[in-house]
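# Overview (structure and organization)
So you can see what is in the structure, the chains are spelled out below.
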Amino acid sequence: MKTDLEGIRIGYADEGKGAPVVLLHGFPFRREIWRSPMDALKGSRRVIAPDLCGFGESAPRPGAVPMDRFAGDVHALLQQLGTGPVALVGHSMGGYVALAFARRFPRMLRGLALVATRAGADAPEAAAARRATAEKVRAQGVGVVVEAMAPKMLSPASQDPALAERTRRFMAPLEPQGVIGALLGMADRPDATPGLAGISVPSLAITGADDVLIPAAESERMARAIRGARLEILPGAGHLVFLEQPEAFNRALNEWLDSCDATP
Ligand code: MLT
């Protein structure tokens with residue numbers, strides 16, 4: 001489906017009926033990467049998965065796109081769809097956006113699941129490397145990002161060629177403007193750690209034990225900082241934990257969603 005938010009075209013999926021769950025994809029992906037959890041959940045819930053602006057079917061915005069801007073787009077979409085408060089799931093960059101959403105729109109949140117992500121800002125050298133990558137994308141195209149990231153997405157122990165191929169497909173098609181905007185927005189993002197103690201909805205931090213992009217220790221840190229948060233570190237999975245261990249992931253997600261439903 002597609003809609004217009006402040007003149008920007010936004011693509012999204014809206015499937016199933018029931019309490020709303022929103023899935024935010026990571027970088028440099030699009031909503032279709034959530035197909036397995038979407039299929040697992042849509043029998044009992046309304047599952048909404050937007051393409052963040054500049055990815056998939058959503059048009060890019062000019063310049064750096066702050067995580068707050070992505071969060072504002074998600075909020076505007078949910079207002080348009082009339083969902084009321086949602087259980088929000090964010091993978092990696094989608095997790096940065098979910099944390100920005102939690103800070104800006106706490107009353108729209110029934111639960112928060114942070115998947116293979118971190119609360120902290122980039123260290124100065126990581127931020128500088130992202131800005132340098134944005135320059136390379138401008139000069140050489142999006143292949144720079146795909147070639148750098150694709151090999152790091154899956155657990156080194158479980159490099160399944162078919163899954164590696166699917167992973168690359170979820171990175172296409174990619175627009176330079178979208179990639180550059182997200183890279184610059186991530187480089188500038190503030191530290192979300194101080195806000196963790198104020199999160200009062202049922203929360204889950206879940207990741208793969210072998211994530212080489214964002215170590216599992218980051219999920220442990222977030223789970224310690226959010227009151228009552230569950231922590232799941234799944235063996236045999238890396239950064240794309242929901243593709244590498246779909247059954248264990250979907251089970252953990254369902255348990256967390258049950259706890260969201262049980263909370264008034
Ligand atoms: C992602 O998967 O969204 C990225 O690895 C996040 C990042 O580069 O920090």
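In what follows, the accompanying structure is described. All figures in this text were calculated on a predicted structure; none of them were measured in a lab.

Throughout the structure, instances matching the rule amount to four aromatic pairs. Seen from their ring centres, Trp34 and Phe242 are 4.5 Å apart, and the 25° between their planes marks the pair as stacked. Note that Trp34 is positioned in the loop between strand S3 (20–24) and helix H1 (35–41) and Phe242 in helix H10 (residues 241–244), a separation of 208 residues in sequence. Here Phe242 falls in the buried class, since its relative accessible area comes to 0%. With 5.8 Å between their ring centres and 55° between their planes, Phe242 and Phe249 make a pair best called tilted.

As a further point, take the sheet that holds strand S7 (residues 203–208). As summarised here, the arrangement of the eight strands in space is S1-S2-S4-S3-S5-S6-S7-S8, forming an open sheet in which the pairing is mixed. Because the sheet does not close on itself, it has two edges, and the strands there are strand S1 (2–5) and strand S8 (230–234). Mean inter-strand twist for the sheet, computed between neighbouring axes without regard to direction, equals 20°. Running at roughly 115° to S1, helix H2 (residues 67–81) makes contact with S1, strand S2 (8–15), S3, strand S4 (46–50) and strand S5 (86–91) of the sheet.

Attention now goes to the packing of H2 against helix H3 (residues 93–104). Packed helix pairs are specified by the crossing angle of their axes together with the interaxial distance, meaning the distance between the axes. Two elements in contact, H2 and H3, have axes separated by 8 Å at closest approach and are oriented at 70°. Classed by the angle they form, the pair H2 and H3 counts as roughly perpendicular. Note on element contacts: H3 touches H2 through Met93, Tyr96, Val97, Ala100, Phe101, Arg103 and Arg104, opposite Met67, Asp68, Phe70, Ala71, Gly72, Val74, His75 and Leu78. Here the contact of H2 with H3 is built from residues that sort into ten nonpolar, two polar and three charged.

All residues adjacent to the ligand are Gly26, Phe27, Ser92, Met93, Tyr96, Arg130, Met149, Met186, Leu213 and His239. Residue Phe27 places a main-chain N or O atom 2.7 Å away from an oxygen atom belonging to the ligand. Contact distances for the ligand include 2.8 Å between an oxygen atom and a side-chain N or O atom of Arg130. Contact with the protein chains covers 94% of the free accessible surface of the ligand, which is 270 Å². Taken together, the residues of the shell around the ligand break down into six nonpolar, three polar and one charged.

Turning our attention to the packing of helix H4 (residues 124–140) against helix H7 (residues 176–187). Packing of H4 against H7 leaves a shortest axis separation of 9 Å and a crossing angle of 165°. By the angle between their axes, H4 is roughly antiparallel relative to H7. Relative to H7, H4 is oriented so that their crossing is left-handed. From H4, Ala127, Arg130, Arg131, Thr133, Ala134, Val137 and Arg138 reach across to H7, where they touch Pro176, Val179, Ile180, Leu183, Leu184, Met186 and Ala187. In the contact of H4 with H7, the residues fall into ten nonpolar, one polar and three charged.

Once that is clear, we can look at the environment of Ala71. Tracing the backbone through its elements, the reader meets Ala71 in helix H2. You can call Ala71 buried: its relative accessible area is 0%. Sequence separation of Ala71 and Arg35 is 36 residues, and the distance between their C-alpha atoms is 21 Å. Those residues in contact with Ala71 that lie beyond four places of it in its chain are Val97, Ala100, Phe101 and Phe105.

Calculation rules
Residues numbered from 1 in each chain as written. Predicted model: local features only at pLDDT ≥ 70, side-chain atom pairs only at ≥ 80, totals over all residues. Heavy atoms only, no water. Phe/Tyr/Trp six-rings, centres within 6.5 Å; stacked < 30°, edge-to-face > 60°. Helix = DSSP H or I, 4+ residues; strand = E, 2+ residues; numbered from the N terminus. Buried < 20%, exposed > 50% of the residue type's maximum accessible area, 1.4 Å probe, protein only. Pairing = 2+ DSSP bridges. Axes fitted to C-alpha atoms, helices over the stretch in contact; angles between N-to-C directions. Contact = heavy atoms within 4.5 Å. Parallel < 35°, antiparallel > 145°, perpendicular 65-115°, else oblique. Nonpolar A, V, L, I, M, F, W, Y, C, P; charged D, E, K, R; others polar. Near = heavy atom within 4 Å. Polar contact = N/O pair within 3.5 Å; in protein donor to acceptor, adjacent residues only side chain to side chain. Areas by Shrake-Rupley, 256 points an atom, 1.4 Å probe, with all protein chains shown as cover. Left-handed = near helix turned anticlockwise from the far one by under 90°.

None of this, on its own, says anything about what the molecule does.
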